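What follows is the residue order along each chain.
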Amino acid sequence: MKDVFIGIDVGSTTTKAVVLAGGRIAARTILATGASCARTAREALDSVLRSAGASESDVAMTISTGYGRKRVDFAADSVSEITANAAGARLLAGGHPRTVIDVGGQDSKAVSLDDSGRVVDFAMNDKCAAGTGRFLEVMARRLDLDLETLASTGLASTNPLPITSLCTVFAESEVVGLLSEGKKVADIVAGVHEAVAARVGALVKRVGLRTPVLFDGGAALNEGLRRALERNLGVEITVPEHPQFVVATGAAIIASEKHSSR
């Protein structure tokens, strides 16, 4: 396999790698980032190339992105997650999204795109865990649930309980209090999703809501959160297949474009 392009997205929680060949995704892989971004990025490269049946000599260009992008020493260049997300969304959305929501492990982003898919504005929550995947992890642990179970549990709720604290520590205390009062776990989970949706929805409103809306990142696998965002924003939201790979895919697309323009 010749002229393949690699996108490496080194996130705070997971590292994703995508192989693009002939304009199509040939392979993808995801690993826990762990303590060493550089080592995990190399492991992700080796893994995704094996999956694609390719070797490193086949790689025409690699682009890195994500918070650890500067630690990927085999990448030809790096780009911001905002830029990579926009590029990946153009390929994977099945249309032309005008707003992209990305809820990651340590931050959340709302990106506004023009009609050609270029970034015109964005807003980010990276100062507080509230409204991020980390917030969901903390709440899941407190409720003795894994993330997959958390995603489905809230769907059974008929009475979401408000979680009013914006701070993760105080919100966790609220959840403990609700449990001690004997409140239903499903209603607490639904309240957690509504709280995250409110925080993320505020980012979207800062950049200006435009439809269609695409939701990506690992948290987009959470159906309860998607529905809470739809209620908050009053619009239908699309989640692509494999939403956690949108940014890495965008990096691979940018690698292909940069190589072609040489």
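Before reading on, note that the structure itself is shown above.
Thresholds applied
- Residues numbered from 1 in each chain as written.
- Predicted model: local features only at pLDDT ≥ 70, side-chain atom pairs only at ≥ 80, totals over all residues.
- Heavy atoms only, no water.
- Helix = DSSP H or I, 4+ residues; strand = E, 2+ residues; numbered from the N terminus.
- Buried < 20%, exposed > 50% of the residue type's maximum accessible area, 1.4 Å probe, protein only.
- Contact = heavy atoms within 4.5 Å.
- Areas by Shrake-Rupley, 256 points an atom, 1.4 Å probe, with all protein chains shown as cover.
- Lys, Arg positive; Asp, Glu negative; His and termini not counted.
- Charge placed at Lys NZ, Arg CZ, Asp CG, Glu CD.
- Pairing = 2+ DSSP bridges.
- Axes fitted to C-alpha atoms, helices over the stretch in contact; angles between N-to-C directions.
- Core = buried A, V, L, I, M, F, W, Y, C linked by side-chain atoms within 4.5 Å.

Participant: Even after reading the chapter, I still don't get the overall build of the protein chain, so can you show me in this structure?
Facilitator: Within the protein chain, the regular secondary structure consists of 8 helices and 10 strands. In terms of overall dimensions, the protein chain has a C-alpha envelope of 60 × 40 × 30 Å along the principal axes. The 262 residues of the protein chain split such that 53% are buried. Look at the contacts in the protein chain between residues 6 or more apart in sequence, and 65% of them connect residues 24 or more apart. With an accessible surface of roughly 11600 Å², the protein chain has 48% of that area assigned to carbon and sulfur atoms. Distance between charge centres in the protein chain, computed from 29 positive and 30 negative side chains, equals 3 Å.

Participant: Honestly, the sheet that holds strand E5 (residues 77-78) in this entry has me stumped. Any pointers?
Facilitator: Paired through their backbone hydrogen bonds, the strands of a sheet run either parallel or antiparallel. One open sheet accounts for 5 strands, arranged E3-E2-E1-E4-E5; its pairing is mixed. If you trace the sheet from one side to the other, it starts and ends with strand E3 (24-32) and E5, each paired once. Pairing of strand E1 (residues 4-10) with strand E2 (residues 14-21) involves 6 bridges; the strand directions are antiparallel. Following the sheet pairing, Phe-5 is matched in E2 by Leu-20. Each of E1, E2, E3 and strand E4 (59-65) touches helix H1 (residues 37-52); the most contacted strand, E3, lies at about 140° to it.

Participant: Looking at this structure, how should I read the pairing of E3?
Facilitator: For a regular strand, the rule is simple: side chains alternate between the two faces of the sheet. Inspection of the sheet shows E2 paired to E3 by 8 bridges, in the antiparallel sense. Of the residues in E3, the one forming a bridge with Thr-15 is Leu-31. Between E2 and the antiparallel strand that follows it, E3, lie 2 residues; Gly-22 among them carries a positive phi value of about 60°.

Participant: So what exactly am I meant to see when it comes to the nonpolar core here?
Facilitator: In globular proteins that are soluble, nonpolar side chains generally tend to be buried together. In terms of nonpolar packing, the biggest core is built from 37 residues, with Ile-101, Phe-215 and Ile-237 touching the most fellow members. Elements supplying a minimum of two residues to this core: strand E6 (99-103), helix H3 (133-142), helix H5 (168-180), helix H6 (185-207), strand E9 (213-216) and helix H7 (223-233). When residues no more than four places from it in sequence are discounted, the contact partners of Phe-215 are Ile-101, Val-103, Ala-220, Leu-225, Arg-226, Leu-229, Ile-237, Thr-238, Val-239, Pro-240 and Pro-243. Ile-6, Ile-8, Val-10 and Ala-52 belong to the second-largest nonpolar core, a separate cluster that totals 19 residues.

Participant: What is the right way to look at the pairing of E4 in this model?
Facilitator: In terms of residue burial, E4 counts as a mostly covered element, since 6 of its 7 residues are buried. Relative to E4, E1 runs parallel, the two being bridged by 6 bridges. Across the sheet, the residue bridging to Val-4 is Val-59, located in E4. Where E4 lies against E5, 2 bridges are found, and the strand directions are parallel.

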